[in-house]
Amino acid sequence: MTAATNRYFGSPVLRNEDAPLLTGAAMFVDDIDFSDMLHVAFLRSPHAHARIEKIDTTATHDRDGVVAVFTADDLGAFWAPSPLVVPPPPIEDLVFNQRTQTPLARDVVRYVGEPVALVVAENRYLAEDALDRIVVDYDPLPVAAELEPSAQVDAPMVHDVRGNVAAEVRQVKGDYNLAKNNADVVIARRFLYEHGLAQPIETRGIVARWDTKAEHLSVWAATQTPTSLHGGLAQLMGLGSHQIRVVAPFVGGGFGSKLLMYYPEELMVPWAARQLGSSLKWIEDRSEHFVATSQERGQIHDAEIAVSQDGKILGLKDVFLHDNGAYNPYGLTVPINSQCAVLGPYVVPAYDSSFKAIFTNKPIVAPFRGAGRQHGVFVIERLLDIAARQLGIDRVEIRRRNLIPSDAFPYKNGIMFQDFTELQYDSGNYLPILERTLEIIGYESFVRDEQPILRAEGKCVGIGVVCYVEGTGIGPYEGAKVQVDPSGRVHVATGIGTQGQSHFTSFAQIAADLLGVAVDEVDVTTGDTDQFGWGAGTFASRGAVVAGNAVHEACSAVREKILNLAAEHFECSSQQLSIENGEVQTLDKPDQSITIGELAVLANPMRGAVKPGTEPGLQATRYFGPEAGTTASGAHAMIVEVDRETMMVKILKYVVVHDCGTPINPMVVEGQIHGGVAQGIGNAFYEKVMYDDAGQIMNATLADYLIPTSMDVPVIELDHIETPSTMNPLGIKGVGEAGAIPVAPAFAQAVEDALGIAEGGSEILEIPLSPNRLWELAEGGTQ
Amino acid sequence: MLEELVTVSTVVNGKHYRRVVEPRLLLSDFIRHDLGLTGTHVGCEHGVCGACTILVDEKPVRACLMFTPQADGHAIETVEGLAEENGELHPLQEAFRDKHGLQCGFCTPGILMTMKAFIAQHPKATEGEIREALSGNLCRCTGYQNIVEAVRLAVSRIGGSS
Ligand code: FES
Ligand code: FES
């Protein structure tokens, strides 16, 4: 049979989903309306840690428009700690103290914002009015707020664990002590790294509708993981999977915050809908989002690098604390990513890394774009900068000397990754990426010519260059169902959700090439469990990789069916057929053709017999499960100017060279990188969530927690290097998180350079920075 | 006790509406839930993100910062009013599609409305002016680069035709 042509795969095809989004027609969760819709508001704890003595809801009962009020005491057997979403990996001697959240707090609240009651009313205004009339007697308990003090053995206990240990993990390869003994230079530093809040512009939200007669629950949720939510609700509510449909409609960004966490709201709203036999809606408001949604926060790393005189890494040691928040539903994904990311794209013969995850009286910590990798990348990149300075080697040169060479792949790292497989890099070309980055930013000439001139003019300018790798496209699997309709249109359904990643287009590109139709003749459904109920979800830069390959396999199977049926129809061999413009043609008689829509009708006959062993219709379902993830890589460089008076930092030039294997749609890939870099800039310089000693968040508005604006994000110059993945047939690597991961160390390096580290300025060992913090550092610097 | 209700009449996308509402009803909720025009999005309800931006008498306004009675007697335009009746996209919408100026699309309606008013005032806007005009609208997906590109394209297309 003739091979499919790549007309669309690899091209910057405009998006199928844009028209509904641009005209306001696209349906987001808050756009759903039913005539019997009731509205939910949650009463949340004002204390970071307190015993609940008593909840009195009687004053709500006579309120107009109030339909019901629920507290933990109303939940019966539904009240239980929720299941663990991600179990810890099977690492030897690992300690993991599982403490998950309950649907509503009953005896103790453990963070400000933890839900204790919910009101159902005719509209949200009335529901919120009623919240004010619920009286809760709290007995405040000592608070474990700050990370390091919370890890002390005598710290206030968030649960029943001394020292608030949520987990303890050590991973070792090689012999670090030996490496240290052999080293010419050993550098030890303490690094503080905080990653902030995802803050998608659409908050979380959920609509649930219980149909009493059909005994059926429909749920629409702003979620990244509709299939997992479906499975979880079936299990916890004691329903058959056929009794629940979960739909993730258009979702306004997620970045991790909309992963299944068994958030109280995603359990309580469906539960209450069933209790009341009606339709309920809860939409998180922004103030709730700051306290009720997962966050990423801080780690404290005490790290050491052992290097030889010529700058070769002999070994790394890292001991770190990880702020886990009050519960740990998402296991160890974030700190394990940090642990793995310290190795970077470098040859590290010996590594000894251990961490403690610590419960604190703050919201849960779970992945936010990068998911802990930022913390690790900062550690290794900063250590290399300091080592280079101490050894008198150029900071770019020390990276060159340590990058994993192109002929060393697949490269095994000797420790375990978050997907429970050995951390392995499948393919890469790290040195060419670095060289290309240096060329585009003009590293040599900047350092040699421009910087001295600008400095002489009194301008405080600096440059930063860093490298990174990113494990993407992890298993376990995704699937896709592909069908040709009698109209000739193609329908692709997958289980993953989509939050702006352009799946409606990239999956359509794959289908269009294989089935000989145009991209806009392919309808893609993502995240509707009635259409496709299997899969894990959109996270860890895996949607395009894993679901994309499943779509490819399902389309290949449908292609074969089309050609076989057409061959029968024309009484020729399928070798002589091609599919183009929605028609199958015979190569020798171009005027003889049949549309794929007509073939779809033939494939589903109303009379006669379908041959044994064949299936009706032009449809196929296939699954793709990679053995392990695939590793994307890249380098970022930036030139900054610091205003010495105000300590404002202006990014003058920003360059990204990255390798995400074979891109399905380069336009989409570039968009993902732009967005990632913007979030990285936010992380480096603008976004810091602040808590006081009582565990109260101090800046819970978008006016106080600063997300970068169009004035803060520069133009990003991009280039691609393509090293296809060896882990999947399409050669794709994920790209969703790459932009966000290495920005902070590049920023720190550039600012340090601008402020004159070589002349005795201060080292920057922490993120986020701010003008205030830079001023303090500059003041405190050794002159 | 419910507050006293008030009657509001307003023209939205050229259509007259007369409704009785609670005075505290936010204009964003009125447009979305009472009128069913759900293209106007709500991202923060505290006037910072710009997702809820609509035009009131042709000026960009944050619908979450207005009570519905304040719209009485005024003309409102929302994202649903941008495209032609026959579905043909407005040049701004076209440009956003051509330049990949949206990802999740949640911030987009507010940005389109802000930019519509801006281009009307600044038919020859430069990149710097565009960035400044955009700075009151938050987008968490795109990093703004393609939004700026899209607006530049729209400026050249709209400016070119006027
Ligand atoms: S919702 Fe109105 S400005 Fe954010
Ligand atoms: S496109 Fe998602 S917030 Fe702007």
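As a convention, each chain's residues are numbered from 1 in the sequence order in which they are written. Both sets of labels track the order of writing: A upward for chains, 1 upward for ligands. pLDDT decides what is reported in this predicted model: residues at 70 or higher carry local features, side-chain atom pairs at 80 or more are listed and counted, and totals for whole chains, interfaces and linings draw on all residues regardless. Here the side-chain values reflect all heavy atoms present in the structure, with hydrogen atoms and water set aside.

J.: Can you walk me through helix H12 (residues 443-456) of chain A in this structure?
T.: Count 3.6 residues to each turn of an α-helix, and residues three or four apart come out pointing the same way. All names here are of chain A. Counting from the N terminus, the helices are the DSSP runs of H or I reaching at least four residues and the strands are the DSSP runs of E reaching at least two. A helix is expected to reach a length of 1.5 Å times the quantity of its residues less one. When the terminal C-alpha atoms of H12 are compared, their 19 Å separation across 14 residues agrees well with the 20 Å that a helix rising 1.5 Å per residue should span. To get the bend at a given residue, fit one axis to the seven residues ending there, fit another to the seven starting there, and take the angle between those axes. Roughly 40° is the biggest bend found in H12, and it falls at Glu450, with proline Pro452 one to four residues downstream. Every residue pair with non-hydrogen atoms within 4.5 Å of one another is taken to be in contact. Buried-residue contacts for H12 involve helix H10 (395-402), helix H11 (430-441), strand E19 (461-472), strand E27 (630-642) and helix H17 (743-754). Directly after H12, the chain includes Gly458, whose backbone phi takes a positive value near 90°.

J.: I'm lost on unusual backbone geometry in this one. Help?
T.: As a rule of thumb, non-glycine residues mostly have phi less than zero, and peptide bonds are mostly trans rather than cis. Residue and element names in this part refer to chain A. Cis geometry marks the peptide bond from Phe409 to Pro410; its omega dihedral reads -5°. Mapped onto the elements of the fold, Pro410 is located in the loop between H10 and strand E17 (411-416). Backbone torsion omega between Ile767 and Pro768 reads 5°, so that peptide bond is classified as cis. Take Pro768: it is sitting in the loop between strand E30 (766-767) and helix H18 (771-780).

J.: Just to check I follow, could you spell out the packing of aromatic side chains for this structure?
T.: Aromatic ring pairs are described here by two measures, namely the spacing of the ring centres and the angle between the planes. In this analysis, rings of Phe, Tyr and Trp, with Trp reduced to its six-membered ring, are considered paired at centre separations within 6.5 Å, and the interplanar angle assigns stacked below 30 degrees, edge-to-face beyond 60, and tilted for intermediate values. Enumeration over the complete set of coordinates arrives at 18 aromatic pairs over all chains. Residues Phe290 of chain A and Tyr705 of chain A carry aromatic rings whose centres are separated by 5.8 Å and whose planes lie at 75° to one another, so their mutual orientation is edge-to-face. A residue pair is termed long-range when its members are at least 10 positions apart, and Phe290 of chain A in helix H7 (residues 286-292) and Tyr705 of chain A in the loop between helix H16 (666-686) and strand E29 (716-720) qualify at 415 residues. Buried residues are those whose accessible area, probed at 1.4 Å on protein chains only, stays under 20% of the maximum for their type, while exposed residues exceed 50% and partly exposed ones sit between those limits. Judged by relative accessible area, Phe290 of chain A falls into the buried class, the value being 0%. Ring-pair connections join several aromatic residues into one group, and the members of that group are Phe28, Phe250 and Phe504 of chain A together with Phe106 of chain B. Above the face of the Trp79 of chain A ring, Arg106 of chain A is positioned so that its terminal group lies 3.8 Å from the ring centre. Charge over a ring is defined by NZ of Lys or CZ of Arg lying within 6 Å of the ring centre and within 35 degrees of the ring normal.

J.: Before we go on, may I ask you to explain the pattern of salt bridges in this structure?
T.: Residues and elements named next belong to chain A. What makes a salt bridge here is a side-chain nitrogen of Lys or Arg within 4 Å of a carboxyl oxygen of Asp or Glu, nothing more. In the structure shown here, the tally under the stated rule is 55 salt bridges over all chains. Notably, a salt bridge pairs Arg44 with Glu288, separated by 2.8 Å at the nearest N-O pair. Highlighted residues: Arg44 in strand E1 (residues 37-44) and Glu288 in helix H7, separated in sequence by 244 residues. Judged by relative accessible area, which is 14%, Arg44 ranks as buried. For Glu288, a relative accessible area of 7% puts it in the buried group. Among the salt bridges present, the one from Asp719 reaches Arg436, with a minimum N-O distance of 2.5 Å. Separated by 283 residues along the polypeptide, Asp719 in strand E29 and Arg436 in helix H11 bring together distant segments of the chain. Judged by its relative accessible area of 28%, Arg436 is partly exposed.

J.: How should the side chain of Lys173 of chain A be read in this particular structure?
T.: Residue and element names in this part refer to chain A. Looking at where Lys173 falls in the secondary structure, it is placed in strand E8 (residues 165-173). A distance of 3.0 Å separates a polar side-chain atom of Lys173 from the backbone oxygen of Val348. Polar side-chain contacts of Lys173 include one of 3.2 Å to the backbone oxygen of Asn413. With near-sequence residues (within four places) excluded, Lys173 lies in contact with Val348, Pro349, Ala350, Tyr351, Tyr411, Asn413, Gly414 and Ile415. N or O atoms within 3.5 Å of each other form a polar contact, as long as, within protein, one can give a hydrogen and the other can take it, and as long as residues adjacent in sequence are counted only when both atoms are side-chain atoms.

J.: Got a minute to help me understand the domain arrangement of chain B in this structure?
T.: The parts lose accessible area when they come together, and the size of an interface is often stated as this lost area. Residue and element names in this part refer to chain B. Partitioning chain B into domains gives domain 1 (6-81) and domain 2 (91-158). Residue ranges for the domains originate in an automatic or database domain assignment. On a C-alpha basis, the centres of domain 1 and domain 2 stand 21 Å from each other. With 17 residues of domain 1 at the contact, the number on the domain 2 side is 13 residues. When two parts are put together, the accessible area they lose, computed with a 1.4 Å probe and summed over both, is reported as buried area. Summed over both sides, the interface between domain 1 and domain 2 buries roughly 1,100 Å², with carbon and sulfur atoms accounting for 62% of that surface. With its nearest N and O atoms 3.0 Å apart, the salt bridge here joins Glu77 to Lys116. Seen at the junction of domain 1 and domain 2, the total is five residue pairs in polar contact (both at pLDDT 80 or more). Secondary structure elements with two or more residues in the side of domain 1 that touches domain 2: strand E3 (53-56) and strand E4 (59-62). Looking at the side of domain 1 that touches domain 2, the element that brings in the most residues is E3, giving three residues.

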